[in-house]
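Listed below, chain by chain, are the residues.
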Amino acid sequence: MPITSRAVRLLMPVAALLFLGLALLIRVVDDGALRQYSGTALYASMVWAGVLFLWPRMAPVPAGTLATVFCWLVECAQLTGVPAELSARSLAARLALGVQFDPVDLAWYPAGVAPLVVLHHLVRARRRTASPAACPVDAHP
């Protein structure tokens, strides 16, 4: 059964909430590197869900690329100081934009997106093989 754009749009907010819940759970149980880097990777996972929410028919690699590039742009914007200034005024801005540039984060964004790109590809491939393909009909009587 094909996954419709509507179904993807319903599933992606759920996926984003699951990623957020996992990130918050990790923050409760760890205050070290796991907390820092898993949060970065899960942020990228939420962005991936956002990309598919906006463009539910997007192929896996372009969706992953767009999510990763968006995260890199947000990270690099932290070099300007604007996100830090906005974050000082708003918790939402702090969560969405961060405060300071960390070059290590640039590697963790693709780490959060790559498994989802693979999963997305596998789901699409399975859907293609499960749907009635254009099989040649035996025209012989």
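Shown above is the structure to which this text applies.
Residues numbered from 1 in each chain as written. Predicted model: local features only at pLDDT ≥ 70, side-chain atom pairs only at ≥ 80, totals over all residues. Heavy atoms only, no water.

Q: Help me understand the packing of aromatic side chains, please; the structure alone is not making it clear to me.
A: Aromatic ring pairs: the centre-centre distance and the angle between the two ring planes describe each pair. For the coordinates displayed, the defined rule picks out 2 aromatic pairs. With 6.1 Å between their ring centres and 55 degrees between their planes, Tyr43 and Tyr109 make a pair best called tilted. Of this pair, Tyr43 sits in helix 2 (residues 33–54) while Tyr109 sits in helix 6 (residues 105–130); the two residues are 66 residues apart in sequence, bridging distant segments of the chain. Tyr109 matches Tyr43 in its accessibility class, with the two residues each being buried. (Phe/Tyr/Trp six-rings, centres within 6.5 Å; stacked < 30°, edge-to-face > 60°. Helix = DSSP H or I, 4+ residues; strand = E, 2+ residues; numbered from the N terminus. Buried < 20%, exposed > 50% of the residue type's maximum accessible area, 1.4 Å probe, protein only.)

Q: Whenever I open this one, the side chain of Ser38 confuses me. Can you help?
A: Mapped onto the fold, Ser38 is located in helix 2. Within polar-contact distance, the side chain of Ser38 engages the backbone oxygen of Leu34 at 2.5 Å. Discounting residues that sit within four places of it in the chain, Ser38 has contacts with Ile26 and Ala33. (Polar contact = N/O pair within 3.5 Å; in protein donor to acceptor, adjacent residues only side chain to side chain. Contact = heavy atoms within 4.5 Å.)

Q: Explain the environment of His120 to me, please; I cannot follow it from the model alone.
A: Within the secondary structure, His120 sits in helix 6. Put simply, His120 and Val61 are 59 residues apart on the chain and 8.9 Å apart in space, counted from C-alpha to C-alpha. When sequence neighbours within four positions are dropped, the list of residues in contact with His120 reads Trp48, Leu52, Met58, Ala59 and Pro60.

Q: Would you mind going over the state of the cysteines with me for this structure?
A: A covalent bond between the sulfur atoms of two cysteines is referred to as a disulfide. Evaluation of the coordinates by the stated rule reveals 0 disulfides. Not part of a disulfide, Cys71 finds its nearest cysteine sulfur in Cys76, a span of 11 Å. Residue Cys71 is classed as buried on the basis of its relative accessible area, which comes to 0%. (Disulfide = S-S within 2.5 Å.)

Q: What's the story with the side chain of Asp102 in this structure? I'm lost.
A: Its location among the elements puts Asp102 in the loop between helix 5 (91–97) and helix 6. Of the buried charged residues, Asp102 lacks a salt bridge, with Arg27 as the closest side chain of opposite charge at 12 Å. In contact with Asp102, other than residues within four places in its own chain, are Gln36, Glu75 and Gln78. (Lys, Arg positive; Asp, Glu negative; His and termini not counted. Salt bridge = Lys/Arg side-chain N within 4 Å of Asp/Glu carboxyl O.)

Q: I tried to follow a nonpolar patch on the surface on my own but got confused; where do I start?
A: A cluster of nonpolar side chains, contributed by Leu22, Leu25, Val28 and Val29, occupies part of the molecular surface with about 410 Å² of accessible area. In this fold, Val29 is placed in helix 1 (residues 5–29). What makes Val29 exposed here is its relative accessible area of 63%. (Patch = residues over 30% accessible without salt bridge, like charges linked within 9 Å, V, L, I, M, F, W, Y side chains within 5 Å. Areas by Shrake-Rupley, 256 points an atom, 1.4 Å probe, with all protein chains shown as cover.)

These figures capture arrangement, not role.
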